[in-house]
Amino acid sequence: MSDSILRQTEQQLEVALQAARMGTWAIDLATNELTTSELCRKDYGWPVSLPMTNDDLLRLIHPDDRKLREKLIGRALAARQDLEVEYRVIRPDGEIVWILVRGRADYDDNGVPVRAQGVSLEITDRKRAEERQRSLVAELNHRVKNTLAIVQSLALQTHRTTDNPVAFMAALNARVRALAKAHDLLTENSWEGAMLKDVIGRTLDPYAADWRLEIAGPPVRLNAETAVALNLAFHELVTNATKYGALSAPGGAVVVTWTIDRSLEPEVIEIVWSEQGGPPVEQPVRRGFGSHVLEAGLAHELDGVVTMDFRREGLVCTMRYRGSGRMYGVT
């Protein structure tokens with residue numbers, strides 16, 4: 001091969017390595033003399049204008065990854081296989097990055113490794129993406145299990161409080177649809193929570209055209225679990241209102257207000273559902289599923305107090321709890 005062709009090949013290799021953002025390295029296994037390219041030194045956070053010794057490189061490797069690196073290198077050399085190892089590096093400025101190293105060794109006539117060389121690549125972004133993916137899968141698994149538990153509870157409690165299969169299916173379907181609405185709202189917000197006003201509005205929106213509904217209160221952001229719990233609670237309230245309460249008669253109205261008491265630490269949030277203009281209300285003989293959801297389930301979820309006041313002029317449901325813990329982002 002002529003010198004010009006050799007230089008052209010070397011230049012092409014250099015361009016390919018630069019495009020792939022790969023550094024190169026070589027080490028004499030007898031003397032431990034290390035040779036690195038500028039991009040390799042840059043990956044380790046080493047000044048590109050200064051040589052980096054093998055001792056310098058070893059000091060930069062994260063202490064928790066050193067033994068694994070040595071083990072994988074030893075295994076590859078003993079088996080005369082190509083080396084591939086990923087490990088963390090603590091750069092001189094303190095930044096922690098991930099490095100992928102690939103290489104292979106040359107052996108003498110006795111099978112003793114005498115030289116190793118290869119490439120390095122900084123893969124921090126890839127490792128972070130993998131970690132995010134693992135976190136998302138774990139979060140998805142948690143959400144699926146939590147949703148199945150909610151559906152199971154809805155089915156069980158609905159069965160206990162309905163008299164026939166037709167009523168059971170109608171009530172269960174309505175409750176599952178309410179749960180789906182909550183999930184739709186959370187999906188729109190990347191499951192990072194939802195505003196209280198949106199949770200209430202999403203539940204009451206189908207009734208807005210025919211009934212007088214008022215919603216008012218300061219901005220309050222809920223986490224995902226609280227948003228789901230309140231969505232189911234408001235579904236039960238509006239379902240009860242359309243069957244027996246204010247939304248079962250012309251001229252009926254529902255007013256939902258909430259306040260924040262900032263004089264306490266943490267602040268206290270109070271939500272009041274108030275029905276007006278419906279038929280006279282009587283104290284129920286037995287508690288149905290809706291009351292159970294509100295007085296037991298919701299109170300437990302919010303770690304607060306929920307009261308149902310069956311006033312003759314209309315039901316008043318008050319939910320009071322502290323803004324820390326399951327609720328967050330009060331603004």
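Sequence positions are assigned chain by chain, starting from 1 and proceeding in written order. Thresholds applied to this predicted model are a pLDDT of at least 70 for local features of residues and 80 or more for the giving and counting of side-chain atom pairs; totals over whole chains, interfaces and linings are not thresholded and use all residues. Side-chain descriptors were evaluated using all non-hydrogen atoms of the structure, hydrogens and water having been removed beforehand.

(A) Structural context of the packing of aromatic side chains. Aromatic rings from Phe, Tyr and Trp, taking only the six-membered ring of Trp, are treated as a pair when their centres fall within 6.5 Å; an angle between ring planes under 30 degrees marks them as stacked, one over 60 as edge-to-face, and anything in between as tilted. Overall, the coordinates contain one aromatic pair when judged by the stated rule. Taking the centre distance of 6.1 Å and the plane angle of 35° together, the rings of Phe234 and Trp273 count as tilted. Of this pair, Phe234 sits in helix H8 (residues 224-243) while Trp273 sits in strand E10 (residues 268-276), and the two are 39 residues apart along the sequence. Assessed through its relative accessible area of 0%, Phe234 is described here as buried. For every residue, the accessible area obtained with a 1.4 Å probe (protein chains only) is divided by the maximum for its type, and the residue is called buried under 20%, exposed over 50%, and partly exposed between those limits. With relative accessibility at 0%, the residue Trp273 sits in the buried group. Over a ring means this: the NZ of a Lys or the CZ of an Arg is within 6 Å of the ring centre and within 35 degrees of the ring normal. Over the ring of Tyr107 we find Arg80, and its NZ or CZ is 4.1 Å from the ring centre. Here Lys127 stacks its cationic end above the ring of Trp98, 4.3 Å away from the centre of that ring. Under the DSSP-based scheme used, a helix requires at least four consecutive residues in state H or I and a strand at least two consecutive residues in state E, with every element numbered from the N terminus.

(B) A look at the nonpolar core. Membership of the largest hydrophobic core comes to 48 residues, with the highest contact counts inside it found for Leu230, Phe234, Val256, Ile271, Trp273, Leu298 and Met319. With eleven residues, the single largest contributor to this core is H8. By nonpolar core is meant a set of buried Ala, Val, Leu, Ile, Met, Phe, Trp, Tyr and Cys residues that side-chain atoms within 4.5 Å join together. One finds Leu34, Cys40, Leu83 and Val85 within the second-largest nonpolar core, a separate group that totals 21 residues.

(C) Main features of the side chain of His235. Relative to the helices and strands, His235 resides in helix H8. Given the relative accessible area of 12%, His235 is considered buried. Those residues within four positions of His235 in sequence are excluded, and the remaining contacts are Ala174, Arg175, Ala178 and Thr203. Contacts were defined at the residue level, with two residues in contact if any of their heavy atoms lie within 4.5 Å.

(D) Molecular detail of the sheet that holds strand E7 (residues 212-216). At least two DSSP bridges between two strands are needed for those strands to be called paired. Strand order in the open sheet formed by five strands is E7-E9-E10-E12-E11, and the pairing between neighbours is mixed. Here the strands that pair on one side only, and so sit at the sheet edges, are E7 and strand E11 (305-311). Recorded for the sheet is a direction-independent mean angle of 10° between the axes of neighbouring strands. As paired strands, E11 and strand E12 (residues 314-322) are joined by seven bridges and run antiparallel to one another. Bridge pairing links Met308 to Cys317 in E12. Angles shown run from 0 to 180 degrees and are taken between the N-to-C directions of axes, each axis being a line fitted to C-alpha atoms and, for helices, limited to the stretch in contact. Running at roughly 15° to E10, H8 makes contact with strand E9 (253-261), E10 and E12 of the sheet.

(E) Inspection of the sheet that holds strand E1 (residues 23-28) at higher detail. Spatially, five strands are ordered E2-E1-E5-E4-E3 in an open sheet, and the strand pairing comes out antiparallel. Looking at strand neighbours, the two that pair on one side only are strand E2 (33-36) and strand E3 (83-90), the edges of this open sheet. Taken pair by pair, the neighbouring strands of this sheet meet at an average axis angle of 25°, ignoring direction. In this sheet, E2 lies alongside E1 in antiparallel orientation, the contact comprising four bridges. Directly across from Trp25, in E2, lies its bridge partner Thr36. Sheet strands touched by helix H4 (residues 66-79): E3, strand E4 (96-107) and strand E5 (113-122). Its angle to E3, the strand with the most contacts, is close to 160°.

(F) Expanded view of the pairing of E3. Because side chains alternate across E3, one face comprises the buried residues Leu83, Val85, Tyr87 and Val89, and the other comprises Glu84, Glu86, Arg88 and Ile90, none of which is buried. As defined by bridge partners, E3 adjoins E4 across eight bridges and the pair is classed as antiparallel. Looking at E4, one finds that Glu86 is bridged to Leu100. Between E3 and E4, which pair antiparallel in sequence order, lie five residues; one of them, Gly94, sits at a positive phi of approximately 95°.

(G) Representation of the pairing of E1. Looking at chain direction, E1 and E5 are connected through six bridges and run antiparallel. Bridge assignment links Ile27 to a residue of E5, and that residue is Ala116. The loop that links E1 with its antiparallel partner E2 comprises four residues; one of these, Asn32, has a positive phi angle of about 65°.

(H) Region of interest: empty space enclosed by the protein. A 1.4 Å probe that fits into a set of points on a 1 Å grid over the protein atoms alone but cannot get out defines a cavity; an open set with protein on both sides within 12 Å along at least five of seven lines defines a pocket, and lining residues are those with an atom within 4 Å of a point. Grid points are joined across faces, edges and corners, and a volume is the space filled by probe spheres set on the points. Evaluation of the coordinates by the stated rule reveals one cavity of 30 Å³ or more. Considering only enclosed or pocket space, the largest cavity measures out at about 30 Å³ in volume. Taken together, Gly245, Ala246, Glu275, Gln276, Gly277, Gly278, Pro279, Val281, Glu313 and Gly314 form the lining of the largest cavity. Counted by class, the lining of the largest cavity contains three nonpolar, five polar and two charged residues. Basically, the charged four are Asp, Glu, Lys and Arg, the nonpolar ten are Ala, Val, Leu, Ile, Met, Phe, Trp, Tyr, Cys and Pro, and anything else, Gly included, counts as polar.

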